[in-house]
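Analysis of the macromolecular model
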Amino acid sequence: MELIKSKTGTLSQSRRDFIERAGITAVMSAFGIGFFTSCSDSEDENPNNPTTTPPGSTNGITVSGSTITINLTAQTGLAAAGGWLLVLSAQTLVVNVGGAYMAMTSVCTHSACDRNWTFTNSRFTCTCHGSQFDTSGNVLQGPATQPLQSYGTALNGTTLTITK
């Protein structure tokens, strides 16, 4: 069984803090902060929160063709209201909205970024250029003008199935 790489949780540390801790302030002033933040990855922001599961264990995510199966017992962050998950290999965002699960593509309709997302105040933000989407994928703020494609979800006990 192949381990599916994913990202989950909330951002705990900004990219700017990381750069300052690394002592690159002089370089940052030469290139401007936009150079360092425009296509950052949340792995850079929290190196103590690995996104892969150690060998021999499972992260509870299975991708088979156009179907994604998530074991909510293993993905405990998604099991709680307000929890969200980015399934990298399936380019899919998943969010728990008060016990109802919504799923959509993680490919931003503005610039096709697919892995640089944050979720706060019931909004997904593509951090590549700042487009914001609601939990159904509708555009709340551009530069994106098209919604994210939504996917069907079904919950059976602690198993969430997403059909693309």
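Residues numbered from 1 in each chain as written. Predicted model: local features only at pLDDT ≥ 70, side-chain atom pairs only at ≥ 80, totals over all residues. Heavy atoms only, no water.

1. Thoughts on the overall build of the protein
Check the secondary structure of the protein and you find five helices and 12 strands. With 164 residues in all, the protein has 37% of them scored as buried. Taking the intrachain contacts of the protein between residues at least 6 apart in sequence as the baseline, contacts between residues at least 24 apart amount to 49%. For the protein, the exposed surface amounts to about 8,500 Å²; the carbon and sulfur share of it is 52%. (Helix = DSSP H or I, 4+ residues; strand = E, 2+ residues; numbered from the N terminus. Buried < 20%, exposed > 50% of the residue type's maximum accessible area, 1.4 Å probe, protein only. Contact = heavy atoms within 4.5 Å. Areas by Shrake-Rupley, 256 points an atom, 1.4 Å probe, with all protein chains shown as cover.)

2. Thoughts on the side chain of Asn59
Summarising the element assignment, Asn59 is placed in the loop between helix H4 (42-45) and strand E2 (61-64). Under the relative-accessibility criterion, Asn59 is labelled buried at 7%. A polar side-chain atom of Asn59 sits 3.2 Å from the main-chain amide nitrogen of Ile61. (Polar contact = N/O pair within 3.5 Å; in protein donor to acceptor, adjacent residues only side chain to side chain.)

3. Points about the pairing of strand E7 (residues 117-120)
Here four bridges tie E7 to strand E8 (residues 123-126), and the two strands are oriented antiparallel to one another. Residue pairing across strands places Trp117 opposite Cys126, the latter belonging to E8. Counted along the chain from E7 to the antiparallel partner E8, the turn is two residues long, and its residue Asn121 has a positive phi close to 50 degrees. (Pairing = 2+ DSSP bridges.)

4. Here's the deal with the confidence of the model for the protein
In the predicted model, the protein carries a mean pLDDT of 74, and 65% of its residues have values of at least 70. Confidence over residues 23-57 falls short of pLDDT 50; this stretch has 46 contacts with residues more than four positions distant or in other chains. (pLDDT = per-residue confidence, 0-100.)

5. Points about the nonpolar core
Nonpolar side chains in soluble globular proteins generally cluster together in the buried interior. In this structure, Trp84, Leu93, Trp117 and Phe124 are the most contacted members of the largest nonpolar core, which totals 16 residues. Of all the secondary structure elements, the ones that give two or more residues to this core are strand E4 (84-87), strand E5 (92-97), E7 and E8. Beyond its immediate sequence surroundings of up to four residues, Trp117 is in contact with Trp84, Leu86, Leu93, Ser106, Cys108, Phe124, Thr125, Cys126, Thr127, Phe133 and Leu148. Counting 14 residues, the second largest nonpolar core, distinct from the first, contains Ile68, Ile70, Tyr101 and Ile162. (Core = buried A, V, L, I, M, F, W, Y, C linked by side-chain atoms within 4.5 Å.)

6. Remarks on the pairing of strand E11 (residues 150-156)
In this sheet, E11 lies alongside strand E6 (residues 100-105) in antiparallel orientation, the contact comprising two bridges. Bridge pairing in E11 places Met104 opposite Ser150. With five bridges connecting them, E11 and strand E12 (residues 159-163) associate as antiparallel partners. When the bridges of E12 are listed, Asn156 appears paired with Thr159. Between the end of E11 and the start of E12, which pair antiparallel, lie two residues, with Gly157 showing a positive phi angle near 65 degrees.

7. Here we look at the sheet that holds strand E10 (residues 139-141)
The antiparallel open sheet is built from four strands, whose spatial order is E7-E8-E9-E10. Two strands lie at the open edges of the sheet, namely E7 and E10, each paired on one side alone.

8. Regarding the packing of aromatic side chains
Applying the stated rule across the entire model yields four aromatic pairs. Taking the centre distance of 5.9 Å and the plane angle of 80 degrees together, the rings of Trp84 and Phe124 count as edge-to-face. In this pair, Trp84 sits in strand E4 while Phe124 sits in strand E8, placing the two residues 40 residues apart along the sequence. Classification of Trp84 as buried rests on a relative accessible area of 7%. Judged by relative accessible area, Phe124 falls into the buried class, the value being 0%. For the pair Phe119 and Phe124, a centre-to-centre distance of 4.6 Å together with 45 degrees between the ring planes defines the contact as tilted. Taken together through their ring pairs, the aromatic side chains of Trp84, Trp117, Phe119, Phe124 and Phe133 make up a single cluster. (Phe/Tyr/Trp six-rings, centres within 6.5 Å; stacked < 30°, edge-to-face > 60°.)

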